[in-house]
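# Survey of secondary and tertiary structure
Here are the chains, one letter per residue:
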Amino acid sequence: MGWHYAFGRASLQSNSVWGSLQMDTKFGKGCHLHLIDGSAFIFRAYHALPPLTRKSDGLPVGAVSGFCNMLQRYVEGNNGADAATHVAVIFDKGSHTFRNDLYDLYKANREAMPEDLRPQIPLTRKATEAFNIACKELEGFEADDIIATLSCMAREAGGRVTIVSSDKDLMQLVGDGVEMLDPMKNKRIDRDGVIEKFGVGPERVVDVQALAGDSVDNVPGAPGIGIKTAALLINEYGDLESLLDRAGEIKQPKRRETLIEKRAQIEMSKRLVQLDCDMDLDFTLEDLEVRDPEPDVLLGFLSEMEFRTITQRIAAKLGTEPPVIAEPAAEAAADEVEAVPFDADKYECVSDASALQVWIDRIVQAGYVAVDTETTSLDEMRADIVGISLCVEPGQACYIPIAHKASRGDDLFGSDDLAEGQMDRDEVLGMLRPLLEDPSVLKIGQNMKYDAKIFALLGVDVAPIDDTMLMSYAMHGGLHNHGMDGLSERYLSHKPIEIKSLLGTGKAAVTFDRVPVDDAVKYAAEDADITLRLWQAFKPKLHRVGVTTVYETLERPLVPVLARMEMAGIKVDRDTLSRMSNAFAQKMAGLEAEIHELAGRSFNVGSPKQLGEIMFDEMGLTLPDGKKPSTGKTGAYSTGADVLEDLATIHDLPRRILDWRQLSKLKSTYTDALQEHINPDTGRVHTSYSIAGANTGRLASTDPNLQNIPVRSEEGRRIREAFVADDGKVLVSLDYSQIELRILAHVAGIPALKQAFVDGVDIHAMTASEMFDVPLDEMTPEVRRQAKAINFGVIYGISGFGLARNLRIPRDQAQGFIDRYFERFPGIRAYMDDTVAFAKEHGYVQTLFGRKIHTPEINSKGPTAGFAKRAAINAPIQGTAADVIRRAMTRMDTAIERIPARMLLQVHDELLFEVDAEAADDLIEVARNVMEGAADPAVKLDVHLAVDGGQGATWAEAH
DNA sequence: ACGCTCACG
DNA sequence: GACGTACGTGAGCGTA
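These numbers come from a predicted model, not from an experiment.

Each value, and the rule that gives it
- Residues numbered from 1 in each chain as written.
- Chains lettered and ligands numbered in written order.
- Predicted model: local features only at pLDDT ≥ 70, side-chain atom pairs only at ≥ 80, totals over all residues.
- Heavy atoms only, no water.
- Helix = DSSP H or I, 4+ residues; strand = E, 2+ residues; numbered from the N terminus.
- Buried < 20%, exposed > 50% of the residue type's maximum accessible area, 1.4 Å probe, protein only.
- Contact = heavy atoms within 4.5 Å.
- Areas by Shrake-Rupley, 256 points an atom, 1.4 Å probe, with all protein chains shown as cover.
- Phe/Tyr/Trp six-rings, centres within 6.5 Å; stacked < 30°, edge-to-face > 60°.
- Near = heavy atom within 4 Å.
- Polar contact = N/O pair within 3.5 Å; in protein donor to acceptor, adjacent residues only side chain to side chain.
- Nonpolar A, V, L, I, M, F, W, Y, C, P; charged D, E, K, R; others polar.
- Axes fitted to C-alpha atoms, helices over the stretch in contact; angles between N-to-C directions.
- Parallel < 35°, antiparallel > 145°, perpendicular 65-115°, else oblique.
- Left-handed = near helix turned anticlockwise from the far one by under 90°.
- Pairing = 2+ DSSP bridges.
- 1 Å grid on protein atoms, 1.4 Å probe; cavity = no way out; pocket = protein on both sides within 12 Å on 5 of 7 lines; lining within 4 Å.
- Points joined across faces, edges and corners; volume = space filled by probe spheres on them.

### Some remarks on the overall build of chain A
Looking only at helices and strands, chain A features 40 helices and 23 strands. The 959 residues of chain A split such that 50% are buried. Intrachain contacts of chain A at a sequence separation of at least 6 include 68% that bridge at least 24 residues. When the accessible surface of chain A is summed, it comes to about 43,200 Å², and 50% of that surface belongs to carbon and sulfur atoms.

Right, dumping it as structure tokens:
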């Protein structure tokens, strides 16, 4: 039973003049054109299959394999009366289309393409060609437009068309001999099918889409109108134009208002969804005629991809012998990888161009490389590069010294001359640049943000990347830290050379350029070696743990975004800080004198120990509740703000201390320390964000911390006046309003809470009203304050004790509040119980986006159990909010590119931008849209995410 | 090195 | 019945 390739066979059967058709027949009556939506095939293949890699070299090929299977299945099914005489697979090309010019947020919600899919795209083109099927695309156009143009052409020529796709946008093309075929359900969709889906005929589908919008592609449409309503309106008024012209006649007030007010937006939506039937194509329908595949070409491609099963199947059907696919010694090699011992003596020192070229060739061959840079400072903005290490295979790594100083035995401080045997920096960079920027070579690093910044400042844009620190964070969040040394010991059982042993510690520490080259080779090359080994261990584990999407959408894409933000920095006015510092110093001196006077003697006001002894032992102050003053671990009296606040009711001293402490904090941490952080070259402050620091997925800001600049007190808020926009620009601040409570409303499913956000009422007042049966218009600030504390308490894993302390009320009263709250919102209790139960069973909790936060102490006994429980309750909420803003940030750069604007800072629920003054309003609109839509399309929140915005010359004004 | 205190969300 | 407690961070200072 010989197998004929379905196209050939079908054509021969259904059309006896197959041969002549192939020669010169014009496309026309009797012809049947199949148009396959290639991108849809690819994505379906990608998501349907596990992440397979080519055995010989690890190239990701899962999607290609699925794509080939789908093509083969399609081809086999293509026979009988409906068989195609002409066929093409159509692809999208380029991310920017005319629709982006119409509306810059078009498809802005789209997830970035997964890293392991990107290299497979060109391979799917090759696969199509290997099947000998026409493969068409056009820069700047979506596949849908090409499909539209071709079906119009085919229809006009009198032929039939089948569009193989399930994309509902293509339904507008159906009719007059054009049908769709959903390849998964194997269901044909004709005119009736379209009416079933859209409620209108194909010719009016665009009108319905224009009204209903599309959250996936970010087509706005008319708010509040879905497909059902849209179809109703179109059927009543005939078409969109008539509807909009006669919108005033609509009875429902809300609907009428929307259609009148949003007319422009609706008309733009129509232009976005309207397919272009009139493109200029550089090929004809005749070019799409079906052709039998060349067995050699097809089998050659399949065997090159190392698809054993498909190759054999197709070879059998073609009646040929399948080509032999070499079985690499993969298993044996993999075991050996584990066994390769660390040997610092095997690392190579690269000191000339020919040696470097050998490494570059190896890396290009491999398609990946572990990279590490050595510099003179942990602050990238002040660091000079000293050397680069590379590794492509465990145990085989090199170090390229660039700027090591010559060391001389008789000179304690070393010399300023460069050591011998080093390549010129620019020569090294010139050779490495093509590699580091090569889209087909993956650069692997541990904390790549650091190295990417070092390279970026030297004019090299490193991409694409993988980051072992972030892989670990995605897999092991909550279990341990993700520093390289720890990971190496834990996962490779190897203790790396400590940097201390090369640089020394404390005052005597030297910079890396003072390290002798021989020592540097051992240390630096080992780091690259470790990084590569960690990557090999983590890459497959990422899938097993089920956090590939988390890593690819929430962690890795943040690296270039944060690198840009950190390099941009924010302008800080030194004079403002300096003036404030002097003012604080004066006030503090005055307070200090008063404090000593009140205390009866002089002491260090900054010492809690001395203060405690003075207040409680010498002066004999007693707490209002009559309790003994509490002590900490060291036995010293506790003198925290809450204690002093209580004591302030009986004596003047504690208030003075509180005032002094506030000023001291502002002066030392902000007005003084911040000045030290102004970069002399840029005049700006460049913080560093740690992506893998906080357990919940939040970022953390260090050196300096710009996420805790004062704002709550009037005095402190003035610090923000020193954060200014550059000349001619303004700062724009956008922050999520009550994002954690909104997420709580969603995850716990609290109808009253959700409704409150829909109605836009004061959420704390609403809570108070529900709990205390007080009507909203009779709400007092005090009752509202208590409800607010409870709302926050819930997010933190409330306890009677904690609430009592926070509100300074008796514990039983606080417990009463909590009981009442749970009575009114029983879903909250259920959420808390379920979350803790989940944590106990699985050892982790999860955010809505799949981030896992491990809770290793959840099953412990004693007080730690309480901590672990509350942390488990809080983590999904805080973590989901963190995921949301991460998603917003990864999409923000491209969204605001054209304005142009720069994102400078992230403060958990706030993003701060710098933009030309006249473009500020534009930015606010665009950035707000990105932020409000950041959960889409991965998660459909029941609650709208609202974003407040402001602008001004300083951060104080913008916030 | 560690604890205390306090700045932020 | 008693533990002990709001969640998540980072920095500066004093004390050991």
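After presenting the structure, the write-up continues.
### Quick word on the packing of aromatic side chains
Scanning the model with the defined rule gives 13 aromatic pairs in all. Seen in terms of ring centroids, Y821 and F825 are 4.9 Å apart; in terms of plane orientation they differ by 50°. Their pairing is tilted. Assessed through its relative accessible area of 1%, Y821 is described here as buried. Using a relative accessible area of 2% as the deciding quantity, one classes F825 as buried. Put simply, the rings of F41, F67 and F91 pair up and form one aromatic cluster.

### Examining the protein's contact with DNA strand C
What surrounds DNA strand C is a group of 33 residues, the closest being S607, D703, N705, R805 and R870. Of what DNA strand C places within 4 Å of the protein, 65% of the atoms are sugar or phosphate. Interatomic distance of 2.9 Å between a backbone N/O atom of N695 and a phosphate oxygen of DNA strand C. The contact in question runs from a base oxygen of DNA strand C to an N or O atom on the side chain of R811, over 3.1 Å. Contributions of two or more residues to the surface near DNA strand C are made by α27 (608–618), α29 (653–676), β16 (700–702), α34 (781–796), α35 (800–807) and α38 (863–896). Across the surface near DNA strand C, the residue classes break down as ten nonpolar, 16 polar and seven charged.

### Structural notes on the protein's contact with DNA strand B
Residues in close proximity to DNA strand B total 23 residues, the closest being T639, K665, V711, R712 and D909. The sugar-phosphate backbone supplies 76% of the atoms of DNA strand B found within 4 Å of the protein. Contacts to DNA strand B include D909, whose side-chain N or O atom sits 2.8 Å from a sugar or linking oxygen. Of all the elements, α29 adds the most residues to the surface near DNA strand B, at four residues. Along the lines of polarity and charge, the residues of the surface near DNA strand B split into seven nonpolar, ten polar and six charged.

### Some words on the packing of helix α4 (residues 62–77) against helix α6 (residues 121–130)
At a minimum axis distance of 10 Å, the contact between α4 and α6 shows a crossing angle of 25°. Classified by the angle their axes make, α4 and α6 are roughly parallel. The hand of the α4/α6 crossing is right-handed. From α4, V64, F67, C68 and L71 reach across to α6, where they touch L123, T124, A127 and T128. Among the residues making up the contact of α4 with α6, the classes are represented as six nonpolar, two polar and no charged.

### Focus: the pairing of strand β22 (residues 910–916)
With respect to burial, β22 is a largely interior element, six of its seven residues being buried. One ladder, built from seven bridges, connects strand β18 (residues 729–736) with β22; its direction is antiparallel. Directly across from L734, in β22, lies its bridge partner L911. Inspection of the sheet shows strand β21 (residues 901–906) paired to β22 by five bridges, in the antiparallel sense. Looking at β22, one finds that Q906 is bridged to L911. The turn linking β21 back onto β22 is made up of three residues, and H908 within it adopts a positive phi angle of 65°.

### Description of the packing of helix α9 (residues 205–212) against helix α10 (residues 227–237)
With their axes 8 Å apart at the nearest point, α9 and α10 run at an angle of 130° to one another. Between α9 and α10, the angle is such that the two are oblique. The two elements α9 and α10 cross, and the hand of that crossing is right-handed. Counting all contacts with α9, which are made through D207, V208, L211 and A212, the residues of α10 involved are I227, A230, A231 and I234. Counted by class, the contact of α9 with α10 contains seven nonpolar, no polar and one charged residues.

### Remarks on the layout of surface pockets
Estimated volume of the second largest pocket: approximately 1,600 Å³. Of the residues contributing to the lining of the second largest pocket, the split by class is 15 nonpolar, eleven polar and eleven charged.

### What about the sheet that holds β18?
An order of β21-β22-β18-β23 is seen for the four strands of this open sheet, with the pairing classed as antiparallel. The strands lining the two open edges of the sheet, one partner per strand, are β21 and β23 (947–952). On average, adjacent strands in this sheet sit at an angle of 25° to one another, irrespective of strand direction. Sheet topology places β18 next to β23; six bridges connect them, and they run antiparallel. Its bridge partner being in β23, Y736 is matched across the sheet by V947. Strands in contact with helix α39 (residues 920–932) are β18, β21, β22 and β23; relative to β18, the strand with the most contacts, it is inclined by about 25°.

### Section: the sheet that holds strand β10 (residues 396–401)
Spatially, six strands are ordered β7-β10-β9-β8-β11-β12 in an open sheet, and the strand pairing comes out mixed. Across the chains shown, the open sheet's two edge strands, defined by having one partner strand only, are β7 (348–349) and β12 (465–467). Pairing of strand β8 (residues 368–375) with strand β9 (residues 385–393) involves six bridges; the strand directions are antiparallel. Residue T373 lies in a different strand from β9, and its bridge partner there is I388.

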